[in-house]
Amino acid sequence: VQLQACGGGLVRPGGSLRLSCAVSGSIFGIRTMGWYRQAPGKQRELVAHINGSTASYGDPVKGRFTISRDNAKNTVYLEMNSLKPEDTAVYYCNAWVLTRVDYGQDFWGKGTQVTVSS
């Protein structure tokens, strides 16, 4: 199973970016999908998480970021608006993937850099 994230880059404060992460490989199903981020010198933190149609967000991004998923494409998206310099981090996608009807595990993508700077 592989998670391929894309969409990161350099954006000015107040700008927007959209990240996407596609899950591929031997997939029986995907239970949950999410985004985490890690800034230099800081611990990895939850950005957003989606289970079915229920989404939850870390406090720093509430009201600015929106997570969504396309089950047909096994893809999760993160729409990021009103970006701030403190949003600068490597963003990692995560998915709990069922590889068999009776077995699942956590998988992580390699990360994509988001830099918010003027």
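Above this text is the structure in question.
In this report, we go over the structure that sits alongside the text. (Residues numbered from 1 in each chain as written. Predicted model: local features only at pLDDT ≥ 70, side-chain atom pairs only at ≥ 80, totals over all residues. Heavy atoms only, no water.)

**Observations regarding the pattern of salt bridges**
The condition that has to hold: For salt bridges, the criterion is a side-chain nitrogen of Lys or Arg within 4 Å of an Asp or Glu carboxyl oxygen. A run of DSSP states H or I qualifies as a helix once it reaches four residues; a run of E qualifies as a strand once it reaches two. Both are numbered from the N-terminal end. Buried residues are those whose accessible area, probed at 1.4 Å on protein chains only, stays under 20% of the maximum for their type, while exposed residues exceed 50% and partly exposed ones sit between those limits.
Considering all chains together, one arrives at six salt bridges under this definition. The partner of R64 in a salt bridge is D87, with the nearest N and O atoms 2.7 Å apart. You can see R64 sitting in the loop between β6 (54-57) and β7 (65-70) and its partner D87 sitting in the loop between β8 (75-80) and β9 (89-100), a full 23 residues away along the chain. For the pair R64 and D87, a shared accessibility class is recorded, and that class is buried. Put simply, R37, E45, R64 and D87 are held in one network by salt bridges that share partners.

**A few points about the environment of S117**
Just so we agree on the cut-off: Contacts are assigned to residue pairs that have any heavy atoms within 4.5 Å of one another.
Take S117: it is sitting in the segment after β11 (112-116). Using a relative accessible area of 37% as the deciding quantity, one classes S117 as partly exposed. The spatial distance from the C-alpha of S117 to the C-alpha of D87 is 9.8 Å, given a sequence separation of 30 residues. Setting aside anything within four residues of it in sequence, one finds S117 in contact with L10, V11, R12 and P13.

**With respect to the pairing of β6**
Formally: In this analysis, strands are considered paired if DSSP registers two or more bridges between them.
Looking at chain direction, strand β5 (residues 45-51) and β6 are connected through four bridges and run antiparallel. Bridging across to β6, N51 finds its partner in T54. Turn length for the β5-β6 hairpin, with the two strands adjacent in sequence and antiparallel, is two residues, and the turn residue G52 shows positive phi of about 65 degrees.

**A word on the packing of aromatic side chains**
Quick note on the threshold: Ring geometry is summarised as follows: Phe, Tyr and Trp rings, the Trp one being its six-membered ring, pair when their centres sit within 6.5 Å, and such pairs are stacked at plane angles under 30 degrees, edge-to-face over 60 and tilted between the two. A ring has a charge above it when a Lys NZ or an Arg CZ is no more than 6 Å from the ring centre and no more than 35 degrees off the ring normal.
This model, assessed by the stated rule, comprises one aromatic pair. Just above the ring of Y77 sits the side chain of R18; from NZ or CZ to the centre is 4.2 Å. Across the ring face of W108, the terminal group of R44 is positioned such that the distance to the ring centre comes to 4.8 Å.

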